[in-house]
Amino acid sequence: MALTRRGLLALLPAGLVAGVVRARPAQRPRQRLWYRAPASAWTEALPVGNGRIGAMIFGGIGQERLQLNEDSFWSGAPYDPVNPQALGAMAEMRRRIFAGDIAGAEALADAKVMAQPLSQAAYQTLGSLLIEMSGAKGDPTGYERSLDLDTGLAETLFTIAGVTYRRRVVACPVNQVIAVHLSASRGGMINCRLAWDQVGADWSVDATAGDTLRLSGRNGDHGPIKGALRFDMRCKAVCPGGQVVRDGEGLVVSGGDEMTLLIAMATSYKWFDDVSGDPAAVTAAQIAAAQTQSFAQVAVQARDEHRRLFRRVSIDLGTSAAAELPTDERVRRSGAGDDPALAALYFDFGRYLLIASSRPGSQPANLQGIWNDSASPPWGSKYTININTQMNYWPAETTALPECVEPLIQMVREMAVTGARTARTMYGARGWVAHHNVDLWRATAPIDGAQFGLWPMGGAWLCGHLWDHYEYRPDAAYLVSIYPLLKGAALFFLDTLQVDPRTGHLVTNPSMSPENPHGHGGTLDYAPTMDMQILADLFDATVAAAGLLDGDKPFADEVVAARARLLPMQVGRQGQLQEWPQDWDADAPDQQHRHVSHLYGLYPSRLIDVDRTPDLARAARRSLEIRGDKATGWATAWRINLWARLREGNRAHGILNFLLGPERTYPNLFDAHPPFQIDGNFGGTAGIVEMLLQNYGDTIHLLPALPDAWPNGAVTGLRTRGDCTIDVAWQDGGLQSARLRAPPKTMRTVRWGATVRQVEIGAEGAITLSPSSFR
């Protein structure tokens, strides 16, 4: 039997295996972030993660810092924040909005409708592990730290006084540990002290195990809600040939030839209303299992599991001399526009981050993915579901990471439970609802203030991801499982939609165009354009699902009737797509507001299309021109996708260049809102896809917004609806080849430029197209 590469690795001595793990794959030399100096700030450190736990690695010389996170470590405890006065105030608030008394409606909402407490819980750090390198003194030479996106391995390398020190870190989803390996080119040179840093006031440090540091305690309070989560974190030091002894609240390691640290983290969180878990038992079992393996074995497991997802897609946008520079230098000079490989690196980094922060069984990626160094992070590092959480998952289906969507789907299942309580007690409605934020405890009531939070569309928008997941890979059992979620979301709006006294259409009230004041007394209004677009998509998906399941026709008919009565999109006096039912766009105080909510219909939806709805597409374009190209990080990323949908590749590329520059990208490639928000990374990744491939139903558009800056390139493994995988290569700005893999004997409509062709996938499940296919 032929010996596989994995089999060969299993036969090699551990030292040789470690060398194999360290080596950069020759065929993928550009999938790597690297630097010539240690991180001086958190936004220069390098992230590793296994979906559930993560670390930021600073790569220091005399001191290494690993800042640590576990995805269920949030403040507070299970709670129900619905205001008991909300239902009684709803009719009067609606009356005021219809009457144009926006300020009065917001005052009433703030007094009687908003959540109690007014904020949600926050995602929190578990502090840091410090490694004080007592032997690494002096000026280093040959310093380099790096993150290999293809293996998930972070490495720091430098030489002092003739001794080369190497540190490697992986976050293993198989063993559920973060493993750190320290080695030196001369025996006996691993000398260091290990200690926890950023220890909370009510946390307890235990080093009694001799070779293991343990940290345990409780989470922080969420306002009046006392913390109820227990956590446990352990770091075991394995140092062959050396000595590990206790030193107060730390461990001292001396005389080691090499050392492996195994870090495990867990909390007592089991469910949004159950905190009865035993984190100490979990971490003890994880350490016990991991310590039976060498670092090389753990690293190979981590690498193989990471590559299983990461290597599904490859991208080449061309290269230049700039690609040889350290990553931070490339970001600083990105405005020169001569580094196409930086966009490819950013694309790969986005996929890396999603794999590292959202895996089956984990929490979904939050505002910072999984990486956060604060007990009180910006915006609580929550799930902001009026754009940011959704943007996190824009590249998941298209870049062949459907497993990474599973935590989001599970969160929606849980939100439907808490959201049903919110719908009933706040609105007197059936079904379920969620507003603009949700946290670990799946709180779904409106928060922060009426001008931000009284927007009932968050759950409805998330349902679009559930439906997309089905469309990209149709599965009957999955559809059966999500249909109650779609139906419940639609049912809420059947119960709460109001009749517009001006037009007779069905409209939402109260609502808003997320976070954007319209200049007429606040942000609240009825029937903002985004609401009507999201409802059209929700109703369409619900009806389609009911039809595929061949049941629930009376309910589907009711949804169809309501869909026909929704207020349609309108074009205003500036030629723009109206953001509100009234032509108020020119009155808004911030003409370049970061949100472009009314353009949801263009992207991520396909309600607006250059070919099918040209008048609305022109109006959307005018709205984009008014808004401007530069915004916060995530808002800049949204603009890339919107211009790509309009097939204006050079405009989209110019905005991408801004996103990749130092104003919107930190040295470690994290998105700069500022401060850091990970949605810009994911939105930028999705935007690159939109420039190269677009899909609507069975129609596939090849290179729809290819910019002049990428004349030659290739991408493999992208996905479209209907379980189709596509490889595309281009040369001199024109199609070179496209290979489609899909279920045999299925039909696809393929477009390149202005030419459209109907093709049938062959019996072998693939077809290859060339330029001649479109003549």
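On a predicted model such as this, the values are computed, not experimentally measured, just so you know.

A. Summary view of the sheet that holds strand S10 (residues 190-197). Reading across from one edge, S2-S3-S4-S5-S10-S15-S14 is the order of the seven strands in this open sheet, with antiparallel pairing throughout. Looking at which strands have only one partner, the edges of the open sheet turn out to be strand S2 (46-49) and strand S14 (243-247). Each neighbouring strand pair of the sheet contributes to a mean axis angle of 20°, computed without reference to strand direction. When strand S5 (residues 128-133) meets S10, the two strands line up antiparallel, connected through six bridges. Note that in S10 the partner of Ser 128 across the bridge is Asp 197.

B. Representation of the nonpolar core within the structure. One finds Ile 178 and Phe 539 to be the most contacted residues of the largest nonpolar core, which totals 234 residues. Setting aside its immediate chain neighbours within four residues, Ile 178 contacts Ile 53, Gly 54, Ala 55, Leu 66, Leu 68, Val 169, Val 170, Ala 171, Leu 261, Leu 262, Ile 263 and Met 265. The next biggest cluster of nonpolar side chains, apart from the first, holds 13 residues, and it includes Leu 153, Cys 172, Ala 264 and Ala 299.

C. Here's a closer look at the pairing of strand S24 (residues 693-696). For S24 and strand S25 (residues 699-702), the ladder comprises four bridges, and the chain directions are antiparallel. Looking at the pairing, Leu 693 lines up with Leu 702 of S25. Between S24 and S25, which pair antiparallel one after the other, the connecting turn spans two residues, and Gly 697 there sits at a positive phi close to 60°.

D. The sheet that holds S24, seen in detail. Across the sheet, four strands lie side by side as S24-S25-S29-S30; this open sheet has mixed pairing. Each edge of the sheet is formed by a strand with only one pairing partner; in this case those strands are S24 and strand S30 (755-760). On average, each strand axis in the sheet is inclined to that of its neighbour by 25°, with strand direction left out of account.

E. Focus on unusual backbone geometry. Pro 674 follows His 673 through a cis peptide bond whose omega is -10°. Within the fold, Pro 674 resides in the loop between helix H19 (649-660) and helix H20 (679-692). Residue Pro 675 is bonded to the preceding Pro 674 through a cis peptide linkage, with omega at 0°. Structurally, Pro 675 can be placed in the loop between H19 and H20. Residues other than glycine seldom take positive phi values, yet Asp 550 does so here, at roughly 55°. As for its placement among the helices and strands, Asp 550 is situated in the loop between helix H15 (529-548) and helix H16 (553-564). Owing to a relative accessible area of 71%, Asp 550 belongs among the exposed residues under this scheme.

F. Layout of helix H5 (residues 279-290). Here H5 is 12 residues long and its end C-alpha atoms lie 16 Å apart, about the 16 Å a rise of 1.5 Å per residue gives. Taken residue by residue, H5 has Pro 279, Ala 280, Thr 283, Gln 286, Ile 287 and Ala 290 as its buried positions. For H5, the buried positions fall inside an angular range of 135° around the axis, keeping them on one side. Where H5 is buried, its residues touch strand S9 (177-184), strand S12 (212-218), strand S13 (230-238), strand S16 (258-267) and helix H6 (295-310).

G. Representation of the confidence of the model for the protein chain. Summary statistics for the protein chain give a mean pLDDT of 94 and a share of 96% for residues scoring 70 or more. Low pLDDT, under 50, characterises residues 1-28; the predicted model gives this stretch 38 contacts beyond four residues in sequence or across chains.

H. Layout of the pattern of salt bridges. All told, the structure shown has 48 salt bridges when counted by the stated rule. A salt bridge links Asp 540 to Arg 563; the nearest nitrogen and oxygen atoms lie 3.0 Å apart. One end of the pair, Asp 540, is in helix H15; the other, Arg 563, is in helix H16, with 23 residues separating them in the sequence. Residue Arg 563 is classed as partly exposed on the basis of its relative accessible area of 30%. The partner of Arg 612 in a salt bridge is Asp 609, and the shortest N-O contact between them spans 3.9 Å. Judged by its relative accessible area of 6%, Asp 609 is buried. Salt bridges linked by common partners bring Glu 305, Arg 308, Arg 312, Arg 359 and Glu 403 together as one network.

What counts as what
- Residues numbered from 1 in each chain as written.
- Predicted model: local features only at pLDDT ≥ 70, side-chain atom pairs only at ≥ 80, totals over all residues.
- Heavy atoms only, no water.
- Pairing = 2+ DSSP bridges.
- Helix = DSSP H or I, 4+ residues; strand = E, 2+ residues; numbered from the N terminus.
- Axes fitted to C-alpha atoms, helices over the stretch in contact; angles between N-to-C directions.
- Core = buried A, V, L, I, M, F, W, Y, C linked by side-chain atoms within 4.5 Å.
- Buried < 20%, exposed > 50% of the residue type's maximum accessible area, 1.4 Å probe, protein only.
- Contact = heavy atoms within 4.5 Å.
- Expected span 1.5 Å × (residues − 1).
- Arc of directions from axis to C-beta.
- pLDDT = per-residue confidence, 0-100.
- Salt bridge = Lys/Arg side-chain N within 4 Å of Asp/Glu carboxyl O.

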